[in-house]
Each structure stands twice: as structure tokens, then as C-alpha cells.
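# Geometric and topological summary
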Amino acid sequence: MINSLKNKGAGFCIVEAPDDATHDDLMDKIKNALRLYEDKKTAVIYLLEKPPAQSIFSFVRDFVESFYDRQIFFIRNLEIAAGNTPENFLSELNFSRETLDSLDRNFIFMMNPDFAGLFMRYAKDIFSWIPHRYRFEGKDIGFQKPVRPIYAKEEVKIEDEKDRKYLLELIDLYEEQLREALDDPKFSVKNILKPLADLYKEYADYEKELSCRQQIAAFYKKIGSTEYAESLVKLGVAQHNLSAGGQAGNTHPEESRQKAIEAFKGALKIYTLEKFPVEYAETMNNLGALYRDLPTGASAENLQKAIEAFKGALKIYTLEKFPVEYAQTMNNLGIAYWESPADNLIDKNKNLQNAISAYKEALKIYNTKDFSVEYSETQYNLELAYRKSPSDSTNEKNKYNGEHSCII
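Below: a short report on this structure. Nothing here was measured: the structure is a model prediction, and the numbers come from that model. (Residues numbered from 1 in each chain as written. Predicted model: local features only at pLDDT ≥ 70, side-chain atom pairs only at ≥ 80, totals over all residues. Heavy atoms only, no water.)

Assigned secondary structure in the chain consists of 19 helices and five strands. Taking all 408 residues of the chain together, 50% fall into the buried category. In the structure as shown, the chain presents an accessible area of about 20500 Å², 50% of it carried by carbon and sulfur atoms. (Helix = DSSP H or I, 4+ residues; strand = E, 2+ residues; numbered from the N terminus. Buried < 20%, exposed > 50% of the residue type's maximum accessible area, 1.4 Å probe, protein only. Areas by Shrake-Rupley, 256 points an atom, 1.4 Å probe, with all protein chains shown as cover.)

So this is what it looks like as C-alpha cells:
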């Protein structure tokens, strides 16, 4: 979530936690994580303070305008503000979705799980605009797992039948709207196809999602704006999800991966290093992971392309400014070096040393407390590289393992 807020200019998200103490703890962690980003200042909107006669949008708008330099707003007290009529309250909130979106801010709705269920039911449209729900238990909260490369993080587990039912209801609603939509492509793309594609993705129906993404990209291609680059990235994600076995009917996974690569390359024509550095880095990291994971990715050519892409991402993902992304990309880079074939012993050892260096850089961030899974994976990769390295590095290996060894 923190990673998303660093890179996201505006939008909605939901945070579910059972008590106020956990909400407070989460807000503090988010504020601390973003303290180095001058354009990511936060503020809290307490809906309990809204006068009864004032609309939700009017109250939020006035608050945002009074804190014009803030980009991220936590919205609290939804349950109390809703009182005994949550249906009416949430319907009004749902009706305000476009005007709230026009404020061009990040809004984080903080609520308990029970109220989140009502939110899904009575504010269906605004819920469909929310790409992820973040859920936390009422206990001490450490740093969450870092976000993986965009195409690799899209596997969504629908936790229970209620969630599945609500998703299907939303999908049916938007499919019906799409059939009845007037001949207005701009309206259809923004208000129907985009949320419908997100719903298909959440439901893991990647084939239908891909169809929506293709239509969205075709529309924005005519405009040639940054929305076109964004649509290409999401199109590449959908292509890769389809190729990764998300749909049993996909009989040409390598072709889908190649199309995903072309989509990312198209996005990079707009997401240049100079104009859109963060988007450039994210797309380069995704492109590198795709090259590395190609079925024919053991070839030196594809792995070299992966290495160059990861190095491109690291121009922006520095240890100081993007520590989690830096560690993730370094681990990706280490794997690419490890898998790179070599015609002679000198080049093979050089690849191994580069892999070791990259893994060590990743472990500057990945530790057993905050990133236990990522630490274990990277540490294991490092030990494999050491085992393959020449005997003259044995002393360094033993010295390092004396502090960080693990058994898997």
C-alpha cells in the first residue's frame, strides 16, 4: 500500500481493521514511510465533524481546499457518520464518486470489516474503482510485503463466497451498462470499461480482462496521452497474467508474453526517464522480469535484455529514495545474472560475482523482521551463488553465512 501511495497521484482505496488503535498505528506507519516525499503529505478527514445538512462531497471538498498542499487524505468515522442509515449514507457517498475523484487526491477509506461489507453492497460503483482492499488484524503491524513486479502481483485470492458473489454482481451490473451504453466511447471507456476490466482482473477472468484492456488501449491510442501509456502497461499485465496459466484456454503463452513485452515497450515511448521517472522505472522492472521469465529466457540475448532493463529501473529505484523497490530490483537482477549462460569459466564466474553483489544489495533492505519471506528467498539465492563460485571466495562465503545462514 505504501508503495502504491508513493507512485499514485490520485484514487481511492479501502483499509479494513477492527479497531481505532490499529487504524492509528497504520496511519502513523504510512506517514512515517512517506515523510521523505514532499508531494505526499497527509491529512485526516473525520466525517463525524460533518454538519448534518452538509453533503459528503461538500464537506470533503471544503476540507481538501483548506489543506491544498496535502495529497493523501485518510477518511475516518464512516461507521459513526452513517449512524442508523448506512444504506442512505453509502448511497450518497457512491453518488459523489466522480466529484470526489475530480479533487485529484488519494482518499483512504478506513473502516471495520463489517462496514466494508456494507460499502461493497451500497456503494458498488465507487468500490469498483478501488483496485485493492487492504486488510489488517488488530495486532502489532510490521511492514508489509513489498509489492512485486506489477504483472506478478495480480493474483487475487477471493477469500469467501460473499466476496465472490459481490464481484459477480458488480460484473453483471457493468456488463449490462456496457450493453446499454450510448454511442459515447469516452464515457464508456472511463465509466464502464475501466472498472469492468479491474473487476475481471480481481475475479481472475484474464481473458475478458484482456478484451477490455485492448479496447481501452485502442481508444487512448487515438489521443496519444499519458492515459495511453497507462493503458499499455495494464494491457501488458493482462497479457502476462493470461500467459501465466490464469486461463486454461490460453494455448499460446509465449505469444502472450511477447505481446506483453511489446505493450511495455510502447508505454516506454511515453514513460521516458526524463518526464516520468517513476513510471519508467516500474515499467523497466516489469519488462526485465518478462524477458527473464520467457520460456526461452535461458538464452543469453533475452537475459542480457533483462539485465539492461533492471539496470534501467535502478537509475530511479535507488537505495535512498526507493528502498523496497531497490531491493526487489536487485534481487531480480541477481537472478538474471545467475541464469545467464557463459561460454567460458571467466564469464561464468563474472556472472556469479555480479549475482552475489546484487543479492547483497537486496539484503541491505530485506531482513528477517520486516521481510522474512523475501529475506529467505534472497539469502537462499545468495548461498546458491556462493556454492557455484570459485574456491577463492570460500572465506568470504563462510564469513557472510556466519551471520546470515538459513536452512531451507
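Okay, the pattern of salt bridges next. The tally for this structure, following the rule as stated, stands at 17 salt bridges. The partner of Arg133 in a salt bridge is Glu16, and the shortest N-O contact between them spans 2.7 Å. Taken together, the residues Arg133 in strand E5 (residues 133-135) and Glu16 in strand E1 (residues 11-16) connect sequence positions 117 residues apart. Just as Arg133 is buried, Glu16 falls in that class too. The salt bridge partner of Asp24 is Arg76, with a shortest N-O separation of 3.2 Å. With Asp24 in helix H2 (residues 20-33) and Arg76 in strand E3 (residues 72-76), the pair connects residues that are 52 residues apart, well separated along the chain. Looking at Arg76, the relative accessible area reads 6%, which means it is buried. Salt bridges sharing common partners tie together Glu16, Arg133 and Arg135. (Salt bridge = Lys/Arg side-chain N within 4 Å of Asp/Glu carboxyl O.)

Under the counting rule described, the total for this entry stands at three cavities of 30 Å³ or more. Approximately 60 Å³ is the volume attributed to the second largest cavity. What lines the second largest cavity is simply Phe127, Ser128, Ile130, Pro131, Asp198, Leu199, Lys201 and Glu202. It is helix H10 (residues 185-202) that contributes the most residues to the lining of the second largest cavity, four residues altogether. The class makeup of the residues in the lining of the second largest cavity is four nonpolar, one polar and three charged. (1 Å grid on protein atoms, 1.4 Å probe; cavity = no way out; pocket = protein on both sides within 12 Å on 5 of 7 lines; lining within 4 Å. Points joined across faces, edges and corners; volume = space filled by probe spheres on them. Nonpolar A, V, L, I, M, F, W, Y, C, P; charged D, E, K, R; others polar.)

Another point: the pairing of strand E2 (residues 42-46). Of all the five residues making up E2, four are buried; the element is thus mostly covered by neighbouring parts of the structure. Summarising the sheet, E2 and E3 pair through five bridges and their orientation is parallel. By the bridge assignment for E3, Ala43 is matched with Phe73. Between the parallel elements E2 and E3, the chain passes through helix H3 (residues 56-66) in a crossover that is right-handed. (Pairing = 2+ DSSP bridges. Right-handed = clockwise from strand over helix to strand, strands pointing away.)

Along an α-helix, residues three or four apart share an orientation, since each turn contains 3.6 residues. The first and last C-alpha atoms of helix H14 (residues 277-293) sit 24 Å apart over 17 residues, in line with the 24 Å expected at 1.5 Å per residue. Taken across its 17 residues, H14 has 13 buried, putting it largely inside the fold. (Expected span 1.5 Å × (residues − 1).)

No statement about biological role is implied by the geometric values presented.
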